[in-house]
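Commentary on secondary and tertiary structure
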Amino acid sequence: MRERKWVQEILLYSIVFLLTLPIFILLIWSFTKTWPWPDLIPKDVGLRGWRYIIDPHTKILKILCFSFFLSLAVTFVTLLVSLPAAKAIGQHNFKGKKAIQIFILSPIIVPPLAVAMGIHVKFIQMGLADTFWGILLVHLIPCIPYAVRILTNVYEALGTRMEQQARILGANRLQTQFHVMLPLLAPGLVSAGSLVFIISFSQYFLTYLVGGGKIITLSMVLFPFIESGDRAIASALSLIFIAITLIFFLLINKILRTHLNTQDYFYL
Amino acid sequence: MNELQLINISKHFDQKIVLNEINFSVRKGELVSLLGPSGCGKTTLLKIIAGLLPPDGGQLLFDGNSILNIPVERRGTVMVFQDYLLFPHLNVWNNIGFGLRMAGKGREEQAKKINEMLELVELHGFEKKYPRELSGGQKQRVALARALAIEPKVLLLDEPFSNLDARLRESMRDFVCGLQKKLKITTILVTHDKEEALLSSDRIVLLLDGKVQQIGTPEEIYLMPKNREAANFLGKKNYLKGRIEKGIFYYSGGELKSEERADGTYWMMIRPEEIKLKKDKGNASAIIVDMRFAGDRIYYKVKLGEEMLECLMLPDTIFSIGEAVNLSMDLQNIILFPE
């Protein structure tokens, strides 16, 4: 028995090590320009990479903030739109339900890229290309399927009984959703929200295409640096990218989890 | 004075008829039990009264006015479910005050009412606790307090005691019935437990196969069931076949005067507690086939000739299996059911 536990621990630590190893490598790379094999630690060390980011001329911090808020907005709108859809699918049966479900989930099967060209043309016609709102709308496409999928499962697990009880006690439909359902949905919203944020934050090609170079997000700054082989800046930017998504995830988790207790959520 | 009236209420799910022209009324302050086996539509009927489900036919009147078009949240009927459905994210105080909060009552008014309710259900000191920290009985009291806080016109209880263990069931039953009498609140209680219905109700509505079989006080329902189904639901019964000819009922145990009944084949229903067993004095006619000791009473299965009879006795004498006994039958309350 003891032996088993020892093996399990070794396995656990190896996995954690393998997952975090790339971050360490990135960290080292961000402080250097060249790191030739067979050196374990590079000799050429400098702050060039990081200085580039802080330099106001490059506007990187501004782009960072913009990307963060764009993805935040996308998350908010996605959840707003996905909640009623998930409620309908999770709690009701209606004609064409299966078809609608497949339709909503289609961006997972058909890459948004395939339809992005057509969308871009349409957006140009509507004057939405190269605008914040255009990008936001385009980001919704890959995000909504995941949010709907997660929230549908939560609605299915919750059932309609709590809502019925609330209405019996005198709450109208709006009050029921706000005072009873939303708190009960919280863990689901955490999951869906975190996932959607990451999806939106990582978008490259969609933003590039529909944004036309006018709207710049962090990914759009990052990729050229990776291509050009400037490892220092690329690594630094990558680390910031990871840091931001991690911060968002931990933040949302902390805010919602401090008010919750897993025992209350029988579906957890 | 009839406060709540159900007129020809019907409901079906897909092709199956769940409720078939249900008619009954409830007087103000009365406790009526809906008694019936599980799955016979009692909960559905309760939901229709509460407004959670629309009936497929019929009328629902309160004080003479139809309430079918009034939405759930404004009907003034409150339902307490079998599993209480307390809001897990709110503590006891906020659970009880939920209805008041939704109605827009002020903080002070809420506090006054909530304290009143806590006093009523004897849960002072539990305000800050969460549902997950409460026992079954405590949860039920919170659910009741929450329902009564909004001063409903009709209280609907769906099998309120099924989830509790036997002892708690008894004390909660006394508690709820006491509360109901004290507040004089019109109540409909749904149960499949005949004892519960008999002990709690002013009147019982017996629901079998989606139809109202009989309505009456506990005494009426138990002592004067209208048919065999109604009789059987209220406990094991014995049936002795016989014939009525010219006003006399002939059966295996003798004969009985029954002048008002028409000639024909009849089943005589006699209750287990109406059959008394006596020690064998040498001319025993029956033999004990089974004996079940239940503490304050004993259940016997007795073979009399070709008939197998159920018998219920107090434990002052205990007969054993295989023993020969004499039977005496109390024929005061027997009922003759036509074939």
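Residues numbered from 1 in each chain as written. Chains lettered and ligands numbered in written order. Predicted model: local features only at pLDDT ≥ 70, side-chain atom pairs only at ≥ 80, totals over all residues. Heavy atoms only, no water.

Under an unreviewed UniProt entry, chain B has the name ABC-type quaternary amine transporter and belongs to Geosporobacter subterraneus DSM 17957.

Note the following rule: UniProt positions are given in the numbering used here, feature names are shortened, and annotations may be inferred rather than shown by experiment.
An unreviewed UniProt entry lists chain A under the name Putative spermidine/putrescine transport system permease protein, with Geosporobacter subterraneus DSM 17957 given as the organism. Recorded under Sequence similarities (unreviewed entry), the UniProt text for chain A is reproduced unchanged: "Belongs to the binding-protein-dependent transport system permease family."

**Here's the deal with the overall build of chain A**
The condition is simple: A run of H or I in DSSP becomes a helix once it reaches four residues, and a run of E becomes a strand once it reaches two; helices and strands are each numbered from the N terminus. Each residue is placed in one exposure class: buried if its accessible area under a 1.4 Å probe, protein chains only, is under 20% of its type's maximum, exposed if it is over 50%, and partly exposed if it falls in between. When checking whether two residues touch, look at their non-hydrogen atoms; a contact exists if any pair is within 4.5 Å. Reported accessibility uses the Shrake-Rupley method at a 1.4 Å probe radius. Residues are deemed covered only where the shown protein chains occlude them. In summary, the charge assignment counts Lys and Arg as positive and Asp and Glu as negative, without counting His or the chain termini. Here the site of a charge means NZ on Lys, CZ on Arg, CG on Asp, or CD on Glu.
Scanning chain A for helices and strands turns up 11 helices and zero strands. Reading the secondary structure of chain A in the N-to-C direction produces α-α-α-α-α-α-α-α-α-α-α. Its C-alpha atoms give chain A principal-axis dimensions of roughly 70 × 70 × 30 Å. Within chain A, the fraction of its 268 residues that count as buried is 41%. Residue pairs in contact within chain A that sit at least 24 positions apart in sequence constitute 72% of those at least 6 positions apart. In the structure as shown, chain A presents an accessible area of about 15800 Å², 71% of it carried by carbon and sulfur atoms. If the 22 positive side-chain charges of chain A are averaged to one point and the 11 negative ones to another, these points end up 10 Å apart.

**Considering the nonpolar core**
Heads up, the rule is: We call a set of buried residues a nonpolar core when its members are Ala, Val, Leu, Ile, Met, Phe, Trp, Tyr or Cys and they connect through side-chain atoms within 4.5 Å of each other.
Residues Leu4, Leu6, Leu45, Ile96 and Phe98 of chain B are the most contacted members of the largest nonpolar core, which totals 108 residues. Per-element accounting of this core gives the leading share, 12 residues, to helix α6 (residues 132-158) of chain A. Ignoring any residue separated from it by four or fewer positions in sequence, one finds Phe98 of chain B in contact with Ala166, Leu169, Ala171, His179 and Val180 of chain A together with Phe87 and Leu90 of chain B. One finds Phe249, Tyr266, Ala286 and Ile298 of chain B within the second-largest nonpolar core, a separate group that totals 23 residues.

**Quick word on empty space enclosed by the protein**
Quick reminder of the rule: Cavities and pockets are defined on a 1 Å grid built over the protein atoms alone: a cavity is a set of grid points where a 1.4 Å probe fits but cannot escape, while a pocket is an open set with protein on both sides within 12 Å along at least five of seven lines, and lining residues are those with an atom within 4 Å of any such point. Grid points are joined across faces, edges and corners, and a volume is the space filled by probe spheres set on the points. Residue classes follow a fixed rule: Ala, Val, Leu, Ile, Met, Phe, Trp, Tyr, Cys and Pro count as nonpolar, while Asp, Glu, Lys and Arg count as charged, and any other residue, Gly among them, counts as polar.
According to the stated counting rule, one finds two cavities of 30 Å³ or more in the structure shown. Of the voids in this model, the largest cavity is the one considered here, and its volume is about 60 Å³. Of all the secondary-structure elements, those providing two or more residues to the lining of the largest cavity are α5 (136-149), β7 (154-158) and α6 (166-183) of chain B. Sorting elements by how many residues they give to the lining of the largest cavity places α6 of chain B first, with four residues. A per-class count over the lining of the largest cavity returns eight nonpolar, two polar and no charged. As a volume, the second largest cavity reaches approximately 40 Å³. As for the second largest cavity, its lining consists of Ser67, Leu70, Ser71, His139, Ser200, Phe201, Thr217, Leu218 and Ser219 of chain A. Mapped onto the lining of the second largest cavity, the elements with two or more residues apiece are α3 (60-91), α8 (173-202) and α10 (218-228) of chain A.

**Notes on the interface of chain A and chain B**
Definition in use: Here the quantity called buried area is the accessible surface, traced with a 1.4 Å probe, that two parts lose on coming together, added over both. One speaks of a salt bridge when a side-chain nitrogen belonging to Lys or Arg is within 4 Å of a carboxyl oxygen belonging to Asp or Glu. For the purposes of these results, a polar contact is taken to be a pair of N or O atoms within 3.5 Å, where, inside protein, one atom must be able to donate a hydrogen and its partner to accept one; residues adjacent in sequence count only when each atom of the pair is a side-chain atom.
Listed by partner, the interface residues are 19 residues for chain A and 23 residues for chain B. Of the roughly 2200 Å² buried between chain A and chain B on both sides combined, carbon and sulfur atoms contribute 62%. Where chain A meets chain B, there are two salt bridges. One salt bridge connects Glu73 of chain B with Arg167 of chain A, and the closest N-O pair in it is separated by 2.6 Å. Counting the contacts that link chain A with chain B gives seven residue pairs in polar contact (both at pLDDT 80 or more). Of the residues assigned to the side of chain A that touches chain B, the class counts are eight nonpolar, eight polar and three charged.

**Here we look at the domain arrangement of chain B**
All names here are of chain B. The line we're drawing: What marks off one domain from the next here is an automatic or database domain assignment.
Considered domain by domain, chain B is made up of domain 1 (2-232) and domain 2 (236-338). Tallying the contact residues gives nine residues for domain 1 and nine residues for domain 2. Of the roughly 830 Å² buried between domain 1 and domain 2 on both sides combined, carbon and sulfur atoms contribute 50%. Considering only the surface of domain 1 that becomes buried against domain 2, Tyr222, Leu223 and Arg228 emerge as the three largest contributors, covering 59% of it. At the boundary of domain 1 and domain 2, one finds zero salt bridges. Taken together, the elements giving at least two residues each to the side of domain 1 that touches domain 2 come down to α8 (218-223) and α9 (228-233). Per-element tally for the side of domain 1 that touches domain 2: the top contributor is α9, with three residues. The residue makeup of the side of domain 1 that touches domain 2, split by class, is five nonpolar, two polar and two charged.

**What to know about the packing of α3 of chain A against α6 of chain A**
All names here are of chain A. Short version of the rule: Every angle, taken between N-to-C directions, lies between 0 and 180 degrees, and every axis is a line fitted to C-alpha atoms, over only the stretch in contact when it is a helix. For this classification, under 35 degrees means roughly parallel, over 145 means roughly antiparallel, 65 to 115 means roughly perpendicular, and everything else is oblique. The hand of a helix crossing depends on one turn: near helix anticlockwise from the far one by less than a right angle means left-handed, and clockwise means right-handed.
At a minimum axis separation of 6 Å, α3 and α6 run at an interaxial angle of 40 degrees. Taken together, α3 and α6 sit at an angle that is classed as oblique. When the axes of α3 and α6 are compared, the crossing they make is right-handed. For the contact of α3 with α6, the per-class residue count stands at 21 nonpolar, six polar and two charged.

**Here's the deal with a nonpolar patch on the surface**
The condition that has to hold: Excluding any residue in a salt bridge, patches collect residues exceeding 30% relative accessible area, merging like charges within 9 Å and nonpolar Val, Leu, Ile, Met, Phe, Trp and Tyr side chains within 5 Å.
Taken together, the side chains of Phe24, Leu27, Ile28, Phe31, Val45 and Leu47 of chain A present a nonpolar region at the surface, about 530 Å² in accessible area. Within the fold, Leu27 of chain A resides in helix α1 (residues 2-30).

**Details of α5 of chain B**
Residue and element names in this part refer to chain B. Rules: Given a helix with a known number of residues, its expected span is that number minus one, times 1.5 Å.
Its 14 residues place the ends of α5 20 Å apart at the C-alpha level, agreeing with the 20 Å of an ideal helix rising 1.5 Å per residue. Where burial is concerned, most of α5 is hidden: 12 out of the 14 residues are buried. A positive phi of about 50 degrees marks Glu151, the residue just after α5.

**A few points about the layout of surface pockets**
Residue and element names in this part refer to chain B. Within this model, the largest pocket holds a volume of roughly 600 Å³. Forming the boundary of the largest pocket are 21 residues, of which Pro272, Glu273, Arg297, Tyr299 and Leu312 lie nearest the centre. Elements with a contribution of two residues or more to the lining of the largest pocket: α7 (194-200), β16 (286-293), β17 (298-304) and β18 (307-313). With four residues, β18 is the largest single contributor of residues to the lining of the largest pocket.

**Examining the UniProt feature "domain: ABC transmembrane type-1" (unreviewed entry) in chain A**
Using the residue numbers shown here, the UniProt feature "domain: ABC transmembrane type-1" (unreviewed entry) corresponds to residues 64-252 of chain A. Across residues 64-252 of chain A, the secondary structure splits into 85% helix and 0% strand, with the terminal C-alpha atoms separated by 19 Å.

**Comments concerning the domain arrangement of chain A**
Residue and element names in this part refer to chain A. Here chain A is partitioned into domain 1 (1-46) and domain 2 (59-260). Of note, the centres of domain 1 and domain 2, computed from C-alpha atoms alone, are 32 Å apart. Counting residues at the interface gives six residues for domain 1 and seven residues for domain 2. For the domain 1 and domain 2 pair, buried surface summed over both sides reaches about 610 Å², with 79% attributable to carbon and sulfur atoms. It is Leu26, Trp29 and Ser30 that lose the most area in domain 1 upon contact with domain 2, and together they represent 69% of the buried surface on that side.

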